[in-house]
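Analysis of the macromolecular model
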Amino acid sequence: MNKTNFAESILEQYRNGQRYFVDLNLENESFDDQNLQEAVFENCFLYSSFRRANLRNAKFINGNIKTCDFSEADLTNAHFENLAVESSQFARAKIDGIYFDNNWAYGQKVTRADFDEWIKDYEE
């Protein structure tokens, strides 16, 4: 798959003070090691990498984070709601205070307890 450069545009908007992103469709983008603290992604379809990103207080609402990689990201107080989450990775992510509710994977509702089990499995 070809890599695009939409991530750089979004990061530039973020550096200029924008925190609300809506209706994005991002595939194979890298936000690795970036600061997106307090960013809001609503109605977005994200198939991207957020490895080691600062996503403190970020919100992902009403969309899709299938195949996203949040490994080692700081997800402290992040909010994940009403999302398709299939094949997303959260290995060694910081998840203190995370909100994870009303999400779906493979046709099944997944809960915070499911999420905690995924994190536990990654750490073992």
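Since this is a predicted model, take the numbers as computed values, not measurements.

This part is about the overall build of the protein. Scanning the protein from N- to C-terminus turns up 2 helices and 9 strands. The linear arrangement of helices and strands in the protein, starting from the amino end, is α-β-β-β-β-β-β-β-β-β-α. For 124 residues, the compact-globule estimate of 2.2 N^0.38 gives 14 Å, and the protein sits close to it at 13 Å. For the protein, the spread of C-alpha atoms along the principal axes amounts to about 35 × 25 × 25 Å. Taken over 124 residues, the protein has a buried fraction of 43%. When contacts within the protein are restricted to residue pairs at least 6 apart in sequence, long-range pairs at least 24 apart make up 8% of them. A total of about 6,500 Å² of accessible surface is found on the protein, and carbon and sulfur atoms cover 43% of it. Within the protein, one finds 13 positive and 22 negative side-chain charges whose respective centroids are separated by 3 Å.

Another point: the pairing of strand β5 (residues 59–64). Relative to β5, strand β3 (residues 40–42) is paired through 3 bridges, and the arrangement is parallel. Note that in β5 the partner of Phe41 across the bridge is Phe60. Here 5 bridges tie β5 to strand β6 (residues 79–84), and the two strands are oriented parallel to one another. Residue Phe60 lies in a different strand from β6, and its bridge partner there is Phe80.

With that settled, the discussion passes to the nonpolar core. Membership of the largest hydrophobic core comes to 36 residues, with the highest contact counts inside it found for Phe50, Leu55, Phe60, Ile65, Phe70, Leu75 and Phe80. For this core, the secondary structure elements donating two or more residues are α1 (6–15), β6 and α2 (112–123). Excluding residues within four positions of it along the chain, Ile65 makes contact with Leu46, Phe60, Phe70, Phe80, Leu83, Ala84, Val85, Ser88 and Phe90.

A complete count under the given rule lists 0 disulfides for this structure. Looking at Cys44, it has no disulfide partner, and the nearest cysteine sulfur is the one in Cys68, 10 Å off. Classification of Cys68 by relative accessible area gives buried; the value is 0%.

What follows covers α1. What α1 keeps buried is the set Ala7, Ile10, Leu11 and Tyr14. For α1, the arc enclosing every buried residue in end-on projection is 100 degrees, short of the 170-degree limit, so these residues lie on one face. One or two steps after α1, the chain reaches Gly17, where phi turns positive at roughly 105 degrees.

Parameters and conventions
Residues numbered from 1 in each chain as written. Predicted model: local features only at pLDDT ≥ 70, side-chain atom pairs only at ≥ 80, totals over all residues. Heavy atoms only, no water. Helix = DSSP H or I, 4+ residues; strand = E, 2+ residues; numbered from the N terminus. Rg over C-alpha atoms; globule rule 2.2 N^0.38 Å. Buried < 20%, exposed > 50% of the residue type's maximum accessible area, 1.4 Å probe, protein only. Contact = heavy atoms within 4.5 Å. Areas by Shrake-Rupley, 256 points an atom, 1.4 Å probe, with all protein chains shown as cover. Lys, Arg positive; Asp, Glu negative; His and termini not counted. Charge placed at Lys NZ, Arg CZ, Asp CG, Glu CD. Pairing = 2+ DSSP bridges. Core = buried A, V, L, I, M, F, W, Y, C linked by side-chain atoms within 4.5 Å. Disulfide = S-S within 2.5 Å. Arc of directions from axis to C-beta.

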